Amino acid sequence: MSELSPRVGDALASLRGDGQVSRLKREIAREVDREQGAAVVRAARVDSRALVAHVALASTAALSNEEALYIQAAPLGEARYKAIVDAFAIAVANEVGHP
(Lines give C-alpha, C1' and ligand atoms only; values in the text may rest on other atoms or scores of the structure.)
Protein backbone atom coordinates (compact mmCIF):
# COMPACT_ATOMS: atom_id res chain seq x y z
CA MET A 1 0.00 0.00 0.00
CA SER A 2 2.90 2.34 0.58
CA GLU A 3 3.85 2.12 -3.11
CA LEU A 4 0.31 3.03 -4.16
CA SER A 5 0.13 6.25 -2.15
CA PRO A 6 2.92 8.07 -3.99
CA ARG A 7 1.48 7.02 -7.35
CA VAL A 8 -1.97 8.31 -6.46
CA GLY A 9 -0.43 11.52 -5.15
CA ASP A 10 1.57 11.92 -8.38
CA ALA A 11 -1.55 11.28 -10.46
CA LEU A 12 -3.55 13.86 -8.51
CA ALA A 13 -0.75 16.41 -8.80
CA SER A 14 -0.54 15.89 -12.55
CA LEU A 15 -4.32 16.32 -12.86
CA ARG A 16 -4.14 19.58 -10.95
CA GLY A 17 -1.33 20.70 -13.25
CA ASP A 18 -3.31 19.77 -16.35
CA GLY A 19 -6.22 21.84 -15.07
CA GLN A 20 -3.98 24.84 -14.65
CA VAL A 21 -2.54 24.31 -18.12
CA SER A 22 -6.04 24.06 -19.60
CA ARG A 23 -7.13 27.20 -17.77
CA LEU A 24 -4.03 29.02 -18.99
CA LYS A 25 -4.66 27.87 -22.57
CA ARG A 26 -8.25 29.15 -22.37
CA GLU A 27 -7.09 32.50 -20.99
CA ILE A 28 -4.50 32.80 -23.75
CA ALA A 29 -7.08 31.90 -26.41
CA ARG A 30 -9.49 34.54 -25.03
CA GLU A 31 -6.76 37.19 -25.01
CA VAL A 32 -5.71 36.30 -28.57
CA ASP A 33 -9.34 36.51 -29.68
CA ARG A 34 -9.67 39.92 -28.03
CA GLU A 35 -6.53 41.21 -29.72
CA GLN A 36 -7.57 39.85 -33.11
CA GLY A 37 -11.03 41.39 -32.70
CA ALA A 38 -9.49 44.76 -31.85
CA ALA A 39 -7.21 44.50 -34.89
CA VAL A 40 -10.19 43.80 -37.16
CA VAL A 41 -11.98 46.88 -35.80
CA ARG A 42 -8.89 49.06 -36.31
CA ALA A 43 -8.45 47.74 -39.86
CA ALA A 44 -12.12 48.47 -40.61
CA ARG A 45 -11.61 52.05 -39.41
CA VAL A 46 -8.61 52.45 -41.71
CA ASP A 47 -10.54 51.00 -44.66
CA SER A 48 -13.49 53.29 -43.93
CA ARG A 49 -11.29 56.36 -43.79
CA ALA A 50 -9.57 55.37 -47.02
CA LEU A 51 -12.95 54.97 -48.72
CA VAL A 52 -14.12 58.38 -47.49
CA ALA A 53 -10.88 59.98 -48.71
CA HIS A 54 -11.13 58.24 -52.08
CA VAL A 55 -14.71 59.38 -52.64
CA ALA A 56 -13.82 62.90 -51.48
CA LEU A 57 -10.87 63.09 -53.88
CA ALA A 58 -12.81 61.68 -56.84
CA SER A 59 -15.77 63.98 -56.23
CA THR A 60 -13.56 67.03 -55.80
CA ALA A 61 -11.69 66.22 -59.00
CA ALA A 62 -14.95 65.78 -60.92
CA LEU A 63 -16.34 69.06 -59.58
CA SER A 64 -13.09 70.89 -60.31
CA ASN A 65 -13.24 69.63 -63.90
CA GLU A 66 -16.85 70.71 -64.16
CA GLU A 67 -15.92 74.09 -62.68
CA ALA A 68 -13.36 74.59 -65.46
CA LEU A 69 -16.00 73.75 -68.07
CA TYR A 70 -18.45 76.25 -66.59
CA ILE A 71 -15.78 78.94 -66.44
CA GLN A 72 -15.21 78.46 -70.18
CA ALA A 73 -18.93 78.39 -70.94
CA ALA A 74 -19.96 81.27 -68.70
CA PRO A 75 -16.90 83.21 -67.49
CA LEU A 76 -18.89 85.75 -65.48
CA GLY A 77 -19.80 83.03 -62.94
CA GLU A 78 -16.18 82.07 -62.25
CA ALA A 79 -16.11 83.39 -58.68
CA ARG A 80 -19.35 81.60 -57.86
CA TYR A 81 -18.23 78.29 -59.37
CA LYS A 82 -14.98 78.47 -57.46
CA ALA A 83 -16.81 79.30 -54.22
CA ILE A 84 -19.13 76.31 -54.66
CA VAL A 85 -16.33 73.84 -55.38
CA ASP A 86 -14.16 75.31 -52.61
CA ALA A 87 -17.04 74.98 -50.12
CA PHE A 88 -17.49 71.36 -51.15
CA ALA A 89 -13.76 70.67 -50.84
CA ILE A 90 -13.70 72.17 -47.34
CA ALA A 91 -16.75 70.14 -46.28
CA VAL A 92 -15.33 66.84 -47.50
CA ALA A 93 -11.89 67.64 -46.06
CA ASN A 94 -13.61 68.03 -42.68
CA GLU A 95 -15.43 64.75 -43.23
CA VAL A 96 -12.17 62.95 -44.02
CA GLY A 97 -10.72 64.35 -40.80
CA HIS A 98 -13.48 62.89 -38.61
CA PRO A 99 -12.68 59.68 -36.74
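Described below are features of the structure shown in this document. These numbers come from a predicted model, not from an experiment.

If you tally the helices and strands in the chain, you get 2 helices and 0 strands. Counting only residues that meet the buried cut, the chain has 8% of its 99 residues in that class. Counting only carbon and sulfur atoms, one obtains 63% of the accessible surface of the chain, whose full area is about 8,000 Å².

For helix α2 (residues 78-97), which comprises 20 residues, the first-to-last C-alpha distance of 28 Å matches the rise-based estimate of 28 Å (1.5 Å per residue) to within 8%. Residues Tyr81, Val85 and Val92 constitute the buried set of α2. When α2 is viewed along its axis, its buried side chains cluster within an angular range of 30 degrees and face the same direction. Turned more than 90 degrees away from the buried face of α2 sit Ala79, Arg80, Ile90 and Gly97, all of them exposed.

A word on the packing of aromatic side chains. A complete count under the given rule lists 1 aromatic pair for this structure. Centroid distance Tyr70 to Tyr81: 5.6 Å. Interplanar angle 45 degrees. Geometry classified as tilted. With Tyr70 in helix α1 (residues 4-73) and Tyr81 in helix α2, the pair connects residues that are 11 residues apart, well separated along the chain.

How each quantity is defined
Residues numbered from 1 in each chain as written. Predicted model: local features only at pLDDT ≥ 70, side-chain atom pairs only at ≥ 80, totals over all residues. Heavy atoms only, no water. Helix = DSSP H or I, 4+ residues; strand = E, 2+ residues; numbered from the N terminus. Buried < 20%, exposed > 50% of the residue type's maximum accessible area, 1.4 Å probe, protein only. Areas by Shrake-Rupley, 256 points an atom, 1.4 Å probe, with all protein chains shown as cover. Expected span 1.5 Å × (residues − 1). Arc of directions from axis to C-beta. Phe/Tyr/Trp six-rings, centres within 6.5 Å; stacked < 30°, edge-to-face > 60°.

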